Amino acid sequence: VSYDAWTEILPAAEAVIPGLAIHPGNTIKTTVKETSAGVWKMTVQDVTTGKSGGRTVHYSSSGASAEAIHERPCIADGCTSTSDLAALAKTNNVTFDPGELSNAAAGAPAWRALLKVVPGGTLNEIAMTNNAGTAVIAAPSKADSDADGFTVAYGSKSPAAPKS
Amino acid sequence: MQVRGRLLGGGEAVVLASAALVLGGGAASASPASGPAASGPAATAGRPGPAVGRMLRAPGTTERTISGTTQLESANWSGYAQDDSNGTYKAVEDTWKVPTVTKVAGTSTPPTGSASAASATAVSSRPEPRPTTSAAR
């Protein structure tokens, strides 16, 4: 098992961040933000080691969604069906907390709780299913009390929400 | 078109992707004209990004709204997403601990192995959460 940190701009391949060693148990903070019109900075910070990396790109985004997710990747060329997805590795629970987003002007973020819906927005709670869609294989908790955190558990049972 | 192309060979070839950022979008918005392509271990394929999108919602899945939160099922995402077709979001950040793999899938025919991205925080050009067909490690 190996661990990497990367940034990516879909549908291109990921770009591994060189020199940023990742270890289980380390605390990671990731940020994606528009620093000026059409300029986006992506950062992965290993809070445990104090090291970080990332890149800044010119990108035209609709800004239509913001999310924090646990995922299983596609491991086949094409990615046209669920059969192209990797089996989900079994892990201990992952708690995302705190998470924040901003809908303020680029370069001047006004952070607010990730799970607190901004006016006009919709909050989506997403459960991961098996390839056939017949069973949940990774389930999120409800939001914590201050609406900035949640936990994802391997399997069909939703874990308890983290303490805020 | 590039997609994540690291095929995991052998039953023990399980890799956990522990930290991911996604600046999501369709092929057009991720073209070299609007942003540099990533330089990771890519494979060339003919996947039409905008048509396929990042959502791989399994057949027969449901969508319902409870207390203002829409519950979705996805083939490869678990977590939370906010969406607003008006293009509200300018920044997002999150913090988590890198999980430990506790079980290794044992299969012998590629594509094999298990993989997981512990998280992606994203500002996407998609109008709804679209589990990514991304980041095979």
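On a predicted model such as this, the values are computed, not experimentally measured, just so you know. (Residues numbered from 1 in each chain as written. Chains lettered and ligands numbered in written order. Predicted model: local features only at pLDDT ≥ 70, side-chain atom pairs only at ≥ 80, totals over all residues. Heavy atoms only, no water.)

### Observations regarding the overall build of chain B
Looking only at helices and strands, chain B features one helix and nine strands. In chain B, the order of α-helices and β-strands from amino to carboxyl end is β-β-β-α-β-β-β-β-β-β. Each of the 137 residues in chain B was classed as buried or not, and the buried ones make up 63%. For chain B, the share of sequence-separated contacts (at least 6 apart) that also reach a separation of at least 24 residues comes to 78%. (Helix = DSSP H or I, 4+ residues; strand = E, 2+ residues; numbered from the N terminus. Buried < 20%, exposed > 50% of the residue type's maximum accessible area, 1.4 Å probe, protein only. Contact = heavy atoms within 4.5 Å.)

### Topic: the overall build of chain A
Of the regular secondary structure elements, chain A holds zero helices and 13 strands. Here the C-alpha atoms of chain A give a radius of gyration of 17 Å, agreeing with the 15 Å that 2.2 N^0.38 yields for 164 residues. When its C-alpha atoms are laid out on the principal axes, chain A stretches across 45 × 35 × 35 Å. In chain A, which comprises 164 residues, the proportion classed as buried is 54%. Of the contacts formed within chain A by residues at least 6 apart in sequence, a portion of 34% connects residues at least 24 apart. Taken as a whole, chain A presents about 6,100 Å² of accessible surface, with 51% of it coming from carbon and sulfur. (Rg over C-alpha atoms; globule rule 2.2 N^0.38 Å. Areas by Shrake-Rupley, 256 points an atom, 1.4 Å probe, with all protein chains shown as cover.)

### Focus: the environment of A:Val44
Here A:Val44 lies in strand β4 (residues 39-46). Between the alpha carbons of A:Val44 and A:Val32 there is a distance of 9.0 Å; along the sequence they are twelve residues apart.

### Considerations on empty space enclosed by the protein
Residue and element names in this part refer to chain A. Using the criterion set out here, one finds two cavities of 30 Å³ or more in the structure. Taken as a whole, the second largest cavity encloses approximately 30 Å³ of empty space. Lining the second largest cavity we find His70, Leu88, Ala89, Thr91, Asn92, Val94, Ala138, Val152, Ala153 and Tyr154. Looking at the lining of the second largest cavity, the element that brings in the most residues is strand β13 (residues 150-154), giving three residues. Residue classes in the lining of the second largest cavity are distributed as seven nonpolar, three polar and no charged. (1 Å grid on protein atoms, 1.4 Å probe; cavity = no way out; pocket = protein on both sides within 12 Å on 5 of 7 lines; lining within 4 Å. Points joined across faces, edges and corners; volume = space filled by probe spheres on them. Nonpolar A, V, L, I, M, F, W, Y, C, P; charged D, E, K, R; others polar.)

### Concerning the packing of aromatic side chains
Overall, the coordinates contain three aromatic pairs over all chains when judged by the stated rule. By the ring-pair criterion, three or more aromatic residues cluster together here, those being A:Phe96, A:Phe150, B:Tyr80 and B:Trp96. (Phe/Tyr/Trp six-rings, centres within 6.5 Å; stacked < 30°, edge-to-face > 60°.)

### With respect to the environment of A:Gly107
Residues and elements named next belong to chain A. Relative to the helices and strands, glycine 107 is located in the loop between β9 (94-102) and β10 (112-113). For glycine 107 and lysine 51, which are 56 residues apart along the polypeptide, the C-alpha to C-alpha distance reads 23 Å. Residues in contact with glycine 107, not counting those within four places in the same chain, are Glu34 and Thr35.

### Focus on the environment of B:Asp84
As for its position among the elements, B:Asp84 is in the loop between β6 (77-83) and β7 (91-97). If we skip the residues at most four places from it in the chain, B:Asp84 touches A:Gly63, A:Ala64, A:Pro119, A:Gly120, A:Gly121 and B:Tyr89. Side-chain polar atoms of B:Asp84 contact the side chain of B:Thr88, separated by 2.3 Å. (Polar contact = N/O pair within 3.5 Å; in protein donor to acceptor, adjacent residues only side chain to side chain.)

### Focus on the pattern of salt bridges
Under the defined criterion, the tally for this structure stands at three salt bridges over all chains. Across the pair A:Lys29 and B:Glu93 runs a salt bridge whose closest N-O atoms are separated by 3.9 Å. Taken together, the residues A:Lys29 in strand β3 (residues 27-36) and B:Glu93 in strand β7 connect one chain to another. (Salt bridge = Lys/Arg side-chain N within 4 Å of Asp/Glu carboxyl O.)

### What about the nonpolar core?
The biggest cluster of nonpolar side chains holds 37 residues, and the ones touching the most others in it are A:Ile22, A:Phe96, A:Leu101, A:Leu115 and A:Phe150. Listed in part, the five residues of the second largest apolar core include A:Ile69, A:Ile126, B:Leu72 and B:Trp77. (Core = buried A, V, L, I, M, F, W, Y, C linked by side-chain atoms within 4.5 Å.)

### What to know about the pairing of strand β5 (residues 69-74) of chain B
Within β5(B), six of the six residues are buried, which leaves the element mostly enclosed by the surrounding structure. Because side chains alternate across β5(B), one face comprises the buried residues B:Thr69, B:Gln71 and B:Glu73, and the other comprises B:Thr70, B:Leu72 and B:Ser74, equally buried. Direction of pairing for strand β11 (residues 122-129) of chain A relative to β5(B): parallel, over a ladder of six bridges. Residue pairing in the sheet places A:Leu123 in a bridge with B:Thr69 of β5(B). (Pairing = 2+ DSSP bridges.)

### Overview of unusual backbone geometry
All names here are of chain A. Omega for the bond connecting aspartate 97 with proline 98 falls within 30 degrees of zero, at 0°, which places this linkage in the cis form. By the element assignment, proline 98 lies in strand β9. Residue alanine 147 is not a glycine yet carries a positive backbone phi of 60°. The class of alanine 147 is buried, set by a relative accessible area of 13%.

These figures come from the coordinates and say nothing about function on their own.
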